[in-house]
Amino acid sequence: MMSKSLSGIDLLHLTIDDIRRIFSVDDRGLLEEMAHAARELTRRQFGRTISLYAPLYIANYCENECVYCGFHASQKSMPRSKLTMEQIDKECAALAATGNRSVLILTGESRFHSSPQYIRDAVRIAARYFSYVALEVYPLDEEEYSELYLAGVDGVTLYQETYDRARYDELHLAGPKKVYDYRITAPDRIARAGIRHISMGALLGLTDWRRDVIALFEHVRSLERKYPGVEFGLAFPRLRRVADDIHRYQEVSDRDMLKIMCSARLFFPRVGISISTRELPQFRDRIIEFGVTKMSAGSSTRVGGYLEGENKYEDGQFEVFDPRSFDEVKAMLRSKGFDPVVTDWRNIVNS
Ligand code: SF4
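Just so it is clear, the structure is predicted and the values come from calculations on it, not from any experiment.

Undergrad: Would you explain helix H9 (residues 209-226) in this entry?
TA: A turn of α-helix holds 3.6 residues, and therefore any two residues three or four places apart point the same way. Given a rise of 1.5 Å per residue, 18 residues ought to cover 26 Å, and the 26 Å separating the end C-alpha atoms of H9 matches this to within 8%. Taken together, the buried positions of H9 are occupied by Trp 209, Asp 212, Val 213, Ile 214, Leu 216, Phe 217, His 219, Val 220 and Leu 223. The N-cap residue of H9 is Asp 208: its side-chain oxygen and the backbone nitrogen of Arg 210 are 3.0 Å apart.

Undergrad: Explain the packing of helix H3 (residues 85-96) against helix H4 (residues 116-129) here, please?
TA: Each pair of packed helices can be described by the angle between their axes along with the distance between the axes. Running from N to C, H3 and H4 point in directions that differ by 35°, and their axes come no closer than 9 Å. The crossing of H3 and H4 is right-handed. Across from Met 85, Ile 88, Asp 89, Cys 92, Ala 93 and Ala 96 in H3, the residues of H4 making contact are Tyr 118, Asp 121, Ala 122, Ile 125, Ala 126, Arg 128 and Tyr 129. Tallied by class, the residues present in the contact of H3 with H4 amount to ten nonpolar, no polar and three charged.

Undergrad: Would you explain the site of the ligand in this entry?
TA: Surveying the vicinity of the ligand reveals eight residues, the closest of which are Cys 62, Asn 64, Cys 66, Cys 69 and His 72. The class makeup of the residues in the shell around the ligand is four nonpolar, two polar and two charged.

Undergrad: What am I meant to see in the packing of aromatic side chains here?
TA: Ring pairs (aromatic) are described by centroid distance and by the angle formed between their planes. All told, the structure shown has six aromatic pairs when counted by the stated rule. With 5.1 Å between their ring centres and 90° between their planes, Tyr 168 and Tyr 180 make a pair best called edge-to-face. With Tyr 168 in helix H6 (residues 165-171) and Tyr 180 in helix H7 (residues 180-184), the pair connects residues that are twelve residues apart, well separated along the chain. As far as the burial class goes, Tyr 168 and Tyr 180 line up, both buried.

Undergrad: Just to check I follow, could you spell out the pairing of strand E6 (residues 231-235) for this structure?
TA: Look at any regular strand and the pattern is simple: side chains alternate between the two faces of the sheet. Summarising burial for E6: four of the five residues are buried, a large majority. With five bridges joining them, strand E5 (residues 197-202) and E6 adopt parallel strand pairing. Across the sheet, Gly 201 pairs through a bridge with Ala 235, a residue of E6. Assessed by its sense of winding, the connection that carries the chain from E5 through H9 to E6 is right-handed. Bridge count for E6 against strand E7 (residues 272-275) is three bridges, and the pairing is parallel. Each bridged residue has a counterpart across the sheet, and for Leu 234 the counterpart in E7 is Ile 273. What joins E6 to E7 is helix H10 (residues 254-267), and the crossover it makes is right-handed.

What counts, and at which threshold
- Residues numbered from 1 in each chain as written.
- Predicted model: local features only at pLDDT ≥ 70, side-chain atom pairs only at ≥ 80, totals over all residues.
- Heavy atoms only, no water.
- Helix = DSSP H or I, 4+ residues; strand = E, 2+ residues; numbered from the N terminus.
- Expected span 1.5 Å × (residues − 1).
- Buried < 20%, exposed > 50% of the residue type's maximum accessible area, 1.4 Å probe, protein only.
- Polar contact = N/O pair within 3.5 Å; in protein donor to acceptor, adjacent residues only side chain to side chain.
- Axes fitted to C-alpha atoms, helices over the stretch in contact; angles between N-to-C directions.
- Left-handed = near helix turned anticlockwise from the far one by under 90°.
- Contact = heavy atoms within 4.5 Å.
- Nonpolar A, V, L, I, M, F, W, Y, C, P; charged D, E, K, R; others polar.
- Near = heavy atom within 4 Å.
- Phe/Tyr/Trp six-rings, centres within 6.5 Å; stacked < 30°, edge-to-face > 60°.
- Pairing = 2+ DSSP bridges.
- Right-handed = clockwise from strand over helix to strand, strands pointing away.

Put into structure tokens, the structure is as follows:
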């Protein structure tokens, strides 16, 4: 594999300064070289496998006021609900019946409605149906993460949204999420609690994506050094505007996304990168060549959605833009020469 690009950047040994340089120019030739290198490197590290997972929303109460989200606490017209343990059991059974073995459990950010104990009990149920259980919930204390680890949590996803502290303050009007420092230090608490997989990301578009992606890369790199036993993952969700939001955001084009994806792969050769159903099918099908290792499929963002057969809300942040079923995504991957993986490798080793 060629290492040096025509512009003199060593693509297989990128530094943060190289990434700054790459982000500051619009060089089609360089992007093509990066795409080629990212594809080769992904094949070398991960073969042609893509792991599939699905989100499972057990509650959607929220105590925060993020201006870019239609589910903010004072938005009373949004339907709120929370599943009982019995309903969670049925919802897990309905999702597992599609063939999925990897689940991401989500709640809105409400400690009152979705307490750590509620989340722990839900995890215990999910662990009976799925070989891999991850969580995307509000940030917790270290002891709470330890309890969740003991209950069966394999991974935690937590996005910082933006690393620009002033912009963060401006966009998060009220609620516990307003405390930037408690959120940015959560990955340390997750790692210290013994949880082995931590997925991180920024909500691209809240501010200049270049600054956020660079800050995210620096954050993950510093955590890799501190916690060598932890596997880190990355995701690059793009902001989807909600109807009544008047704030100004920054466009992140498909080309920008390709640049971000390739930079992530080249800077972090072994890190898993996921792409969610927040992206359109055509885009997902193209971008998987350049670094993606994980995709959500057959997703519902509705509380109780798998039993009801309803998959989405008509709202930017929770809309499902790729409505294909689990089997349809698997068929698409096979047609492109990928090997969809639905079972966690540890269970294969143990069985
Ligand atoms: S982004 Fe999450 S925390 Fe913020 S208002 Fe929406 S649901 Fe609540």
